[in-house]
Amino acid sequence: MKTRYSYGGDEHIFVEMDEDMSLDAFFKSLAMSNAAREANIDGVREICPANASFQVRYDPEVIAPEDMMAKLKELEKIAINAEKRLETRIVEVPVYYQDPWTYDCVMRFRERHQDPSGTDLDYAARINGYDSVEAFIEAHHSAPWFVSMVGFVSGLPFLYQLVERSKQIEVPKYLRPRTDTPKQTVGYGGCFSCVYSVRGAGGYQMFGITPMTIFDADQKVSYLKDFMVFFKPGDIVKWKPIDRTEYDRIVKAVDDGTYQPRIAEVTFDLEDFNGDMEGTNAKLMEALNDV
Amino acid sequence: MTFEVIKPGLLTTIQDLGRPGYFHLGIPEGGAMDRAAMRIANMLVGNPEDAAGLEAVFMGPELKFNHDALVAIGGAEMPVFVDGEERKGWTSFPVKTGQTLKFGYLKTGARIYIAINGGIDTPPALGSRSTYPIGALGGFEGRALAAGDTVPVGKATASAKERTLDQSLLAELPKPVELRVLPGLYWHRLTEASQKQFFADEWKVAPEADRMGYRFRGGNPVKFVEREQPFGAGSDPSNIVDGCYSYGSIQIPGGTEPIVLHRDAVSGGGYFTIGAIISADMDLIGQLQPNTPVKFRQVDMASALDARHVRTAQLDKIRSALS
């Protein structure tokens, strides 16, 4: 990993931990962005952590760009020694794979896809070496995921699967972005899964849909009363495959205000995980049994 | 105190100076695209500069006032009428109860700013009244204005009196339009020849130009330095591992058409960026119409900061002239 610093115009500094995605790059970026927040540097307006990079927006009238740059470079030393351990939560997110709404959208934008002959799932399963869509879906939901970035639009989470690199699913984005994506579509691009928090444009492949609302500007959804955005970086997610009946039931429960996502508190330690991925994942997922 | 929307125009939204602090969650700062125009319109009616007003793009709305108000229009040049009688831009004027504010055809620029003394008084969301339609946040029920909406206006301040801006204090539009760029971010992904070509080419504002971003076309496709794509980035040479985007940053998806992210920017994504438009030129972008020829000009940090100071000084002059 080699850290790269760059100005983004006169108001931003962009810091890239690595060109490649990895949990090591994510943890370093999280540590540096946390250190930048804790340093309370005068003139800093916003700090945005991302998958393997982060960005600081500052006011150059308050702190000169080169001084801001120097301060961030100093923080790298702190970040290197930071504990790669997170007190976080695991959330079960129900997914209705191969649902009729994303299917309809998949078909509407077929001419923008690499392989118009099948669905996004057919294509993703094939290029990742799976015999069937079912086996591919199983791989997508059997190991947990790590929220490595929140952004793009309104609280959209990017998720990275907690498996070794050789097992990670990789798919390209659409050739040309779609102008529409159903709200709460579970998507995939590069090595990242995502949940489209709102309806809108998008370029990720579409696999399914969750009935769980994850962004609510009006904060009427029972579990979004404290804040309108559900996910934050460091959350761990376990997809739970569901059918149409269960999908309809949860949609209704979210509307009624009776739905409570299954959530358990967990600790994630990067070294433990790297030492024993399957064991660590089993432990993370077990935590949900007590909920 | 309210006004009623008779016709909304093309896209008229409530905007102020934005809601910084939530970009890390994908909620952009938003606010008036031409910040200076919004500030000056507010000054003209005696409002605080961060009061909420209306931003209308290409076409003005038709508004009927239910109270006696003082109104000023800033930004693009567009004839304005009160009950059919023409009024001047950059000048505050009274609109009486029952009177209608209407606009003619756009002459120059792209966006007008309508300030009303007292400011628009819809409920703020995350500290701002700016409309962010993608997140159904802020503004009037989280959306652009529609016919039949009744919009609340706050209590007028005592300092409201008719004022006129000396327009010689305004920055002149460079012709042809030049947007100054500080190269950086993933600038190294372009070949040296392509870096030169980008600044040599003449570009035009594409029809896909909105509050999220302005697209440009007409220049040559860019060429990338060859490499094996990083893990997780995606297969196109313009792809990166999804990262944060700067306001004003220039991405070139697929290497063909540059997009400059503006006030309602997506906060991140998987396309490489070649640098960013300097902060001093962001307002100007908000006044560009589709098909406007544009050249990008390379500058360094010192010039970017100089330009920023020039703009701040201009606004200070206007502030003291109107106080």
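Residues numbered from 1 in each chain as written. Chains lettered and ligands numbered in written order. Predicted model: local features only at pLDDT ≥ 70, side-chain atom pairs only at ≥ 80, totals over all residues.

**Observations regarding the overall build of chain A**
From N to C terminus, chain A includes eight helices and 12 strands. Against the compact-globule benchmark of 19 Å for 291 residues, chain A has a radius of gyration of 20 Å, which places it among compact chains. Dimensions along the principal axes, computed over C-alpha positions, put chain A at roughly 55 × 45 × 40 Å. Counting across all 291 residues of chain A, residues that qualify as buried make up 47%. (Helix = DSSP H or I, 4+ residues; strand = E, 2+ residues; numbered from the N terminus. Rg over C-alpha atoms; globule rule 2.2 N^0.38 Å. Buried ≥ 20, exposed ≤ 12 C-beta atoms within 10 Å, placed from the backbone.)

**Remarks on the domain arrangement of chain B**
Residues and elements named next belong to chain B. Domains assigned within chain B are domain 1 (2-165) and domain 2 (177-313). Computed from C-alpha coordinates alone, the two centres of domain 1 and domain 2 are separated by 29 Å. With 17 residues of domain 1 at the contact, the number on the domain 2 side is 11 residues. Every element with two or more residues in the side of domain 1 that touches domain 2 is listed here: α1 (35-44), β5 (69-77) and β10 (108-116). A per-element tally of the side of domain 1 that touches domain 2 places β10 first, with three residues. The residue inventory of the side of domain 1 that touches domain 2, partitioned by class, reads seven nonpolar, six polar and four charged. (Domains from an automatic or database assignment. Contact = placed C-beta atoms within 7 Å. Nonpolar A, V, L, I, M, F, W, Y, C, P; charged D, E, K, R; others polar.)

**What about unusual backbone geometry?**
The residue Phe152 of chain A is not glycine, and still its phi comes out positive at about 75 degrees. Along the polypeptide, Phe152 of chain A turns up in the loop between β6 (145-150) and β7 (157-161). If you check the backbone angles, Asp83 of chain B has positive phi at about 50 degrees while not being a glycine. Position of Asp83 of chain B relative to the elements: it lies in the loop between β6 (80-82) and β7 (85-87). Overall, the presence of 11 C-beta atoms within 10 Å leaves Asp83 of chain B in the exposed class.

**Some words on the pairing of strand β8 (residues 185-189) of chain A**
Residues and elements named next belong to chain A. Counted residue by residue, β8 has five buried out of five residues, so it is predominantly covered. Both faces of β8 are covered, namely the face carrying Thr185, Gly187 and Gly189 and the face carrying Val186 and Tyr188. Sheet topology places β8 next to strand β10 (residues 205-209); four bridges connect them, and they run antiparallel. Bridge pairing in β10 places Val186 opposite Gly208. By the bridge criterion, four bridges tie β8 to strand β9 (residues 192-195) in an arrangement that is antiparallel. Its bridge partner being in β9, Val186 is matched across the sheet by Val195. Where β8 hands over to β9, the hairpin turn is made up of two residues, of which Gly190 adopts a positive phi near 60 degrees. (Pairing = 2+ DSSP bridges.)

**Things to note about the sheet that holds β6 of chain B**
All names here are of chain B. Strands sit in the order β7-β6-β9-β4-β1-β11 across an open sheet of six strands; the sheet is antiparallel. Only two strands of the sheet have a single partner each, and these edge strands are β7 and β11 (150-152). When the angles between neighbouring strand axes are averaged without regard to direction, this sheet yields 30 degrees. Taken together, the three bridges between β6 and β7 define a ladder with antiparallel strand orientation. Bridge assignment links Val82 to a residue of β7, and that residue is Glu85. (Axes fitted to C-alpha atoms, helices over the stretch in contact; angles between N-to-C directions.)

**Observations regarding helix α4 (residues 301-322) of chain B**
One turn of the α-helix equals 3.6 residues, which is why residues spaced by three or four share an orientation. Residue and element names in this part refer to chain B. Given a rise of 1.5 Å per residue, 22 residues ought to cover 32 Å, and the 32 Å separating the end C-alpha atoms of α4 matches this to within 8%. Residues of α4 that are buried include every one of Ala304, Arg311 and Ile318, and no others. Buried residues in α4, looked at end-on, bunch into an arc of 50 degrees, giving them a common side. More than 90 degrees from the buried face of α4, the exposed residues found are Ala302, His309, Val310, Thr312, Ala313, Asp316, Lys317 and Ser320. Next to the buried residues of α4 lie α1 and β12 (177-183). (Expected span 1.5 Å × (residues − 1). Arc of directions from axis to C-beta.)

**Overview of the packing of α1 of chain B against α4 of chain B**
All names here are of chain B. As a packed pair, α1 and α4 sit with axes 10 Å apart at the nearest point and diverge in direction by 10 degrees. Compared by their axis directions, α1 and α4 come out roughly parallel. Only Leu315, Ile318, Arg319 and Leu322 of α4 make contact with α1, whose side of the interface consists of Ala36, Arg39, Ile40, Met43 and Leu44. Split into classes, the residues belonging to the contact of α1 with α4 amount to seven nonpolar, no polar and two charged. (Parallel < 35°, antiparallel > 145°, perpendicular 65-115°, else oblique.)

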